[in-house]
Amino acid sequence: MTRPAIVAVVVASLAGCSPERPVAVGAKKFTESVILAELGARLAAGPGVTARRDDLGGTPALWLALTQGDIDAYPEYTGTITRQILQADPPDLAAALAAHGVRISKPLGFRNNYALGMRKDTAAAKGVRAISDLRRHPDLKLGFIHEFLDRPDGWPGVKRHYALPHANVQGMNHTLAYRSLVEGAIDVTEVYTTDGEIAQYDLLVLADDLDFFPAYEAVWLYRADLETRHPEVVARLRRLEGKISEEAMQTMNAEVQAKKADEGRVAGEFLFRELGVETAPAGPGLAARVLETTVEHLLLVVPSLAVAILVGVPLGVLAARRPRLGRVVLATTGVIQTIPSLALLLFMIPVMMWLVGQGTGAPPAVAALFLYSLLPIVRNTHTGLTGIAGSLRESAEALGLPGWAVLWRVELPLAAPTILAGVRTAAVINVGAATLGGFIGAGGYGEPILRGLDKFDIPLMLEGAIPAAVMALAAESVFGLTGRGFARRG
Amino acid sequence: MTPALFALNGVTKRYAGRPALGPLTLGVPAGQTTVLIGPSGCGKSTLLRLLIGLVEPDAGTVAFDGTVVGPATARAVRLRTGYVIQDGGLFPHLTARGNVTLMAHHLGWDVARVTARVRELADLTRFPTDGLDRLPHHLSGGQRQRVGLMRALMLDPDALLLDEPLGALDPLVRADLQTELRDIFRALGKTVVLVTHDLGEAAFFADRVVLLKDGRVVQDGSPAALWHRPADPFVTRFVQAQRGPQIPAEAP
């Protein structure tokens, strides 16, 4: 790629905007939210309007993305709005949200309440039927998703409200919690009352006998400015008001979760059945999906690696020329490498929000991957340059070459195999770490991997994992061959 | 006496606080071959580096053709001086031709001029034409040394500095190359400064020998004077230490 082309790709991916931005419907990382967002994205699309679904994570991330304008709408639950987002129970919910520039739709029809669930045989053996019965069994093992562990309307609230004594509480992924419960590794987990798994595993939903959990009615939250930008989209989203019954939601959840059906197909069928709306048939086929995630993955890897080379090599040269400054540079890039990649990715969200005004999607992922790719390139450039025999540098100087020409004509070519080995390491790390982009809606191979983890859908996980491994091997061999070419010459 | 091309005036050089050279005042006459000789660590290589500003003196001045050698002038001096080190100091990523022409390309010589000059130098140094496109590690030690010499002569410099140029070669190749080198020096009539620790080699090349010990000049004169008029007992010891083969008598 030519240098201007690289710059163009970087700028485009950092800015991340096309002239007519598609309407983005956000989803939390669990099946029901994904299905609802899929329904929303399919309804929102129409003449002159494109729409897409963004899988973004938990409630705080979605709320932030909505208020900052990264997404235009997302499905939420009334209980979550009062307990977690506003942390208040205002008499006029719509007015309270309007203060944040957010509108709320009427309820979509079903409730998805939090509840605690157990295996029926365990519950019978312990004589547990309601949450207050748990007080008599402090030895039970509890497992909840991390968000539930933190939310005031989650475990901390339940524990206080019911004065529960349990200390043995683990945090885990929702799907994993169900499997642990079924296999007896834990005794109690939180469930959503519309979860397909309740019926699938024949679980007991404990009665909320002291009335802790509020009602969680599904609604749309959308940006107030969506009404002026795309009034027709708001009208189309609101066609779902009162249309999704509890059974319909449970059925859709079970289709996707237990039968591994594609959420796009399930959503499309529902829209046709209930509203007579015809949307794009199923999602794209396997080849088209892999092609799309490959392009997205490359748009994360190539710009971040290119910028890392353009910055890392000069930093390595600087480190080799100025030993004292070099120690600082090497230590700094080394420290960045020790930050867990997911933490670095999340840290980049506010940073990129501040820098380019976009906190989700590609920009924070590219920024994190850039930082992550620096160390191998800087260190190998430094090693390659300092490893050159002093007599060779002296010979170059004695010829009368000026300093930059000694670097360009002699030192960098001599260090090239080592530098390329660093770039190769960086590329492989980069391809692997880019899968984490799935956590913040950056697309790429992480998307199917994370969806697959959520649904416990192994083929879907492999749809991301296998191409990621292939791309890593490809990067490895491309840079390996180039490096060997240099080594043969040198 | 011919005018000095290089002139050192009260030069001292210290490495990590320890004196390495000087104080030293010395002129290198133009058009002659001056050999710097002495035991390891006597400062002869440091002296050579000082001449083209690869090393800066702590005190005193080094002048080339009347101009003081410093950071601002060193490049100009180097362009008028060829420099050859042991084993040629060739860049391993460039072919023999690439090594020889690197500086000419950098200066923007046109292709015809570069090609003509390389052919001329290959003839002069008797370097085989088919070796020009080989990488240094595919050349013999003697060939590498010839490439090093061609590279040093490419810009037709006024002076040629050689630091133990034949030190890495086996005796037969070395003897051949010594003869060739001396012929080349005589043919070109350039100012040559050669560093060696081999007295035989020094006597073979030198119009004038400078014997150094602990960074100071012990004796400065003709090769014959070292043998016949040693300046002090060290010179005598140094001369006697270089012995030829002692052949035991054959058993009857």
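Keep in mind that what you see is a predicted model, and the values were worked out from it rather than measured.

Caption draft 1: Looking closely at the overall build of chain A. Along chain A, the regular secondary structure elements total 22 helices and ten strands. The principal-axis extent of the C-alpha atoms belonging to chain A is close to 90 × 55 × 40 Å. For chain A, buried positions account for 47% of its 490 residues. In chain A, the proportion of contacts linking residues at least 24 apart, taken out of those at least 6 apart, comes to 76%.

Caption draft 2: Broad picture of the overall build of chain B. A count of helices and strands for chain B gives nine helices and ten strands. Here the C-alpha atoms of chain B give a radius of gyration of 19 Å, agreeing with the 18 Å that 2.2 N^0.38 yields for 252 residues. Summarising its shape, the C-alpha atoms of chain B cover approximately 65 × 55 × 35 Å along the three principal directions. Nonlocal contacts in chain B, meaning residues at least 24 apart in sequence, comprise 66% of its contacts between residues at least 6 apart.

Caption draft 3: Representation of the interface of chain B and chain A. The interface of chain B with chain A comprises 14 residues on the first partner and 17 residues on the second. Among the elements of the structure, α2 (74–79), β6 (81–85) and α3 (96–106) of chain B are those that each provide at least two residues to the side of chain B that touches chain A. Of the residues assigned to the side of chain B that touches chain A, the class counts are nine nonpolar, three polar and two charged.

Caption draft 4: Highlighting the pairing of strand β2 (residues 51–57) of chain A. Residues and elements named next belong to chain A. Among the seven residues in β2, six count as buried, and that is most of the element. Pairing of strand β1 (residues 23–28) with β2, which is carried by six bridges, proceeds in the parallel orientation. Residue pairing across strands places Val 23 opposite Ala 51, the latter belonging to β2. Remark: the β1/helix α2 (residues 31–44)/β2 crossover connection has right-handed handedness.

Caption draft 5: Representation of unusual backbone geometry within the structure. All names here are of chain B. Positive phi outside glycine occurs at Asp 65, with the angle close to 50 degrees. By the element assignment, Asp 65 lies in the loop between β4 (59–64) and β5 (67–68). Take Asp 65: there are 17 C-beta atoms within 10 Å of it, and that puts it in the partly exposed class. Backbone geometry at Glu 164 places phi at a positive 45 degrees, although glycine is not the residue there.

Caption draft 6: Fine view of the nonpolar core. By size, the foremost hydrophobic cluster in this structure holds 193 residues, and its most contacted members are Val 25, Ala 365 and Leu 369 of chain A. Setting aside anything within four residues of it in sequence, one finds Ala 365 of chain A in contact with Leu 300, Leu 345, Ala 434, Gly 437, Ile 440 and Ala 442 of chain A.

Caption draft 7: Region of interest: the pairing of strand β10 (residues 218–223) of chain A. Residue and element names in this part refer to chain A. Extensive coverage of β10 is indicated by the burial of six of its six residues. Side chains of β10 alternate between two faces, with Ala 218, Trp 220 and Tyr 222 and Val 219, Leu 221 and Arg 223 buried alike. Note that strand β3 (residues 73–77) and β10 share five bridges and pair antiparallel. Counted as the bridge partner of Ala 73 is Tyr 222 from β10. Summarising the sheet, strand β4 (residues 102–104) and β10 pair through three bridges and their orientation is antiparallel. Within β10, the position partnered with Val 102 by the bridge is Arg 223.

Caption draft 8: Region of the structure containing the environment of Leu 149 of chain A. Residues and elements named next belong to chain A. Position of Leu 149 among the secondary structure elements: in helix α7 (residues 146–150). In this structure, the C-alpha to C-alpha distance between Leu 149 and Glu 190, residues 41 residues apart in sequence, is 9.9 Å. Setting aside residues no more than four positions away along its own chain, Leu 149 makes contact with Phe 144, Gly 154, Trp 155 and Gly 171.

Caption draft 9: Geometry of the packing of helix α18 (residues 362–386) of chain A against helix α20 (residues 403–433) of chain A. Residue and element names in this part refer to chain A. At a minimum axis distance of 8 Å, the contact between α18 and α20 shows a crossing angle of 155 degrees. In terms of axis orientation, α18 runs roughly antiparallel to α20. In the crossing of α18 with α20, the sense of the turn from one axis to the other is right-handed. Facing Leu 369, Tyr 372, Ser 373, Pro 376, Ile 377, Arg 379, Asn 380, Thr 381, Thr 383, Gly 384 and Leu 385 of α18, the residues of α20 in contact are Glu 411, Ala 415, Thr 418, Ile 419, Ala 421, Gly 422, Val 423, Thr 425, Ala 426, Ile 429, Asn 430 and Ala 433.

Caption draft 10: Layout of the sheet that holds strand β5 (residues 114–119) of chain A. Residue and element names in this part refer to chain A. If you trace the five strands from one edge of the open sheet to the other, you get β7-β6-β8-β5-β9, paired in mixed fashion. The open sheet terminates on both sides in strands that have one partner only, identified here as β7 (169–171) and β9 (203–205). Neighbouring strand axes in the sheet, compared pairwise and without regard to direction, differ in orientation by 35 degrees on average. One ladder, built from five bridges, connects β5 with strand β8 (residues 188–192); its direction is antiparallel. Across the sheet, Tyr 114 pairs through a bridge with Tyr 192, a residue of β8.

Caption draft 11: How the structure looks around the sheet that holds strand β7 (residues 159–163) of chain B. All names here are of chain B. The strand order across the open sheet built from six strands is β6-β7-β8-β3-β9-β10, with neighbouring strands paired in mixed fashion. Each edge of the open sheet carries a strand with a single partner, namely β6 and β10 (216–221). Put simply, the sheet's adjacent strands are angled 15 degrees from each other on average, direction ignored. Bridge count for strand β3 (residues 33–37) against strand β9 (residues 208–213) is four bridges, and the pairing is parallel. Bridge pairing in β9 links Thr 34 to Arg 208.

Each value, and the rule that gives it
- Residues numbered from 1 in each chain as written.
- Chains lettered and ligands numbered in written order.
- Predicted model: local features only at pLDDT ≥ 70, side-chain atom pairs only at ≥ 80, totals over all residues.
- Helix = DSSP H or I, 4+ residues; strand = E, 2+ residues; numbered from the N terminus.
- Buried ≥ 20, exposed ≤ 12 C-beta atoms within 10 Å, placed from the backbone.
- Contact = placed C-beta atoms within 7 Å.
- Rg over C-alpha atoms; globule rule 2.2 N^0.38 Å.
- Nonpolar A, V, L, I, M, F, W, Y, C, P; charged D, E, K, R; others polar.
- Pairing = 2+ DSSP bridges.
- Right-handed = clockwise from strand over helix to strand, strands pointing away.
- Core = buried A, V, L, I, M, F, W, Y, C linked by C-beta atoms within 7 Å.
- Axes fitted to C-alpha atoms, helices over the stretch in contact; angles between N-to-C directions.
- Parallel < 35°, antiparallel > 145°, perpendicular 65-115°, else oblique.
- Left-handed = near helix turned anticlockwise from the far one by under 90°.

Function-wise, these values are silent; they only describe arrangement.
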